[in-house]
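Topology and contacts: notes
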Amino acid sequence: MANFAATITGTGSAFPAGIVTNQDIVEKLAASGIETSDQWIRERSGIRERRMSAPGNAEEYNSALGFAASRAALEMAGRKPEDIDLIAYATCTPDTVIPSTSCWLQHRLGAVNAWAMDLNAACSGFLYCLSIADQFIQTGQVKTALVIGAEVLSSIINWSDRGSCILFGDAAGAVVVERAEADTPNRILSATLRSDGNLWELLHIPAGGSRFPATAEIIRDYLNKIQMNGRELFKVAVRTLTSFAKQTLKKHKLTPEELDWFIPHQANIRIIEAVAERLSIPMEKVLVNIDRFGNTSSATIPTVLDEAVRAGKIRKGQTVLMDAFGSGLTFGAVLVRY
Ligand code: UT7
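Summary of the structure given here. Quick caveat: nothing in here was measured; it's all calculated off a predicted structure. (Residues numbered from 1 in each chain as written. Predicted model: local features only at pLDDT ≥ 70, side-chain atom pairs only at ≥ 80, totals over all residues. Heavy atoms only, no water.)

Considerations on the side chain of Arg 50
Its location among the elements puts Arg 50 in strand E3 (residues 49-51). One polar contact links Arg 50 to Asn 22, side chain to side chain, over a distance of 2.9 Å. Here the side chain of Arg 50 touches Ile 166 through a polar contact of 2.7 Å, landing on its backbone oxygen. (Helix = DSSP H or I, 4+ residues; strand = E, 2+ residues; numbered from the N terminus. Polar contact = N/O pair within 3.5 Å; in protein donor to acceptor, adjacent residues only side chain to side chain.)

Details of the side chain of Asn 158
Following the sequence through the fold, Asn 158 ends up in the loop between strand E6 (144-152) and helix H6 (162-165). Judged by its relative accessible area of 4%, Asn 158 is buried. At 3.3 Å, the side chain of Asn 158 forms a polar contact with the backbone oxygen of Ile 226. Other than its neighbours up to four places away in sequence, Asn 158 contacts Ser 164, Cys 165, Tyr 222, Lys 225, Ile 226 and Gln 227. (Buried < 20%, exposed > 50% of the residue type's maximum accessible area, 1.4 Å probe, protein only. Contact = heavy atoms within 4.5 Å.)

Quick look at the sheet that holds strand E13 (residues 330-337)
The strand order E8-E13-E12-E11 describes an open sheet built from 4 strands, whose pairing is mixed. Across the chains shown, the open sheet's two edge strands, defined by having one partner strand only, are strand E8 (187-195) and strand E11 (261-264). Between one strand and the next, the sheet's axes are offset by a mean angle of 10°, whatever the strand orientation. For E8 and E13, the ladder comprises 8 bridges, and the chain directions are antiparallel. Bridged to Arg 187 within E13 is Arg 337. In the packing of helix H5 (residues 125-139) onto the sheet, contacts are made with E8, strand E12 (319-326) and E13, and the angle to E8 comes to roughly 130°. The sheet contacts of helix H11 (residues 300-310) involve E11 and E12, and relative to E11 the element is tilted by about 150°. (Pairing = 2+ DSSP bridges. Axes fitted to C-alpha atoms, helices over the stretch in contact; angles between N-to-C directions.)

Looking at the site of the ligand
The environment of the ligand is made up of 21 residues, and the closest members are Thr 36, Arg 44, Arg 231, Asn 268 and Asn 295. Here a nitrogen atom of the ligand sits 2.7 Å away from a polar atom, N or O, in the side chain of Thr 36. With respect to the ligand, the side chain of Arg 270 contributes an N or O atom lying 2.9 Å from an oxygen atom. Burial of the ligand by the protein amounts to 76% of the accessible area it has alone, namely 940 Å². Breaking the shell around the ligand down by element, the ones donating at least two residues are helix H2 (38-45), H6, helix H8 (230-251) and helix H9 (269-279). Looking at which element gives the most residues to the shell around the ligand, the answer is H8, with 4 residues. Each of domain 1 (4-181) and domain 2 (187-337) gives at least three residues to the shell around the ligand. (Near = heavy atom within 4 Å. Areas by Shrake-Rupley, 256 points an atom, 1.4 Å probe, with all protein chains shown as cover. Domains from an automatic or database assignment.)

Have a look at this one:
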């Protein structure tokens, strides 16, 4: 048995001020001769609007959003930045390649006693980081961890592709995770994590990294932006989200009825509904923010969690299943007794 348990004691979230409606996107694309409509976007994805950072606004950098979310989570937990031992920051849109966004956050927060790391598992990143925090806390190496999922996806949107540019938004979510007695019921119960690099092509950014550093041609051809096979990804998403949720429930001998809340990654409302149906989880138990924020990758699950905690929906003692998939492809499900 582990020495300790890890328990979530605070949540927070932050969004840029700028709201981009579907109609705004219709007008933006029309300027380049690309057609779309508010109705198509709503019906096919469930998204009405999303937030986007204003380019160059230092208050809306990835780390600035992460900072605002972290402050809110620390306040709820009643902790100070100096209390943090570990900052685990999930992002695929870092402020800078080096230093890590977690170090930018540490600098701004004054978390002088922490070690800070970034992790890129795209949309599954928050669950990967939460699991790392859980493990370090269980072994006794870390007492208090700050786990963040934050993205400025507007920086990698491919505005020449109407199939993907409508989906993404910017946001940050954070949780404080703390050491508790090994037998405490209110804890992170388990994580089921995996990845499948064979499926890299379904969602990737071909250039702009060390393999193909950005050139004028690469930028002109949008090769440093998201390339997505939406139709295939949709099928894999439904299959894997369902399978990871089932594996996790089975591991804990739980039935879907015993679950209080389900927080799936928010990539498309139709994916969420299909998964809920396959799991026999009624939509009343499924927490959703995709209508207002779109797909915010690693920020999705912690922002949904924070909203539900602050609304008094998620209460102490309740069982919450979080379930994600993302570029890589990466997959993960984490079960928490709140
Ligand atoms: O974090 C993970 C990231 N992403 C995902 O998980 C994405 C998963 N996939 C999806 O969410 C959906 O596949 C999309 C929302 C991306 C697309 O919806 P779909 O129902 O799978 O549409 P489709 O790609 O099969 O395209 C249907 C039609 C096509 O036209 P034709 O070939 O039938 O004439 C598209 O060109 O819809 C067209 N289309 C659009 N029309 C208007 C694609 N995008 C648009 C658009 N506006 N924005």
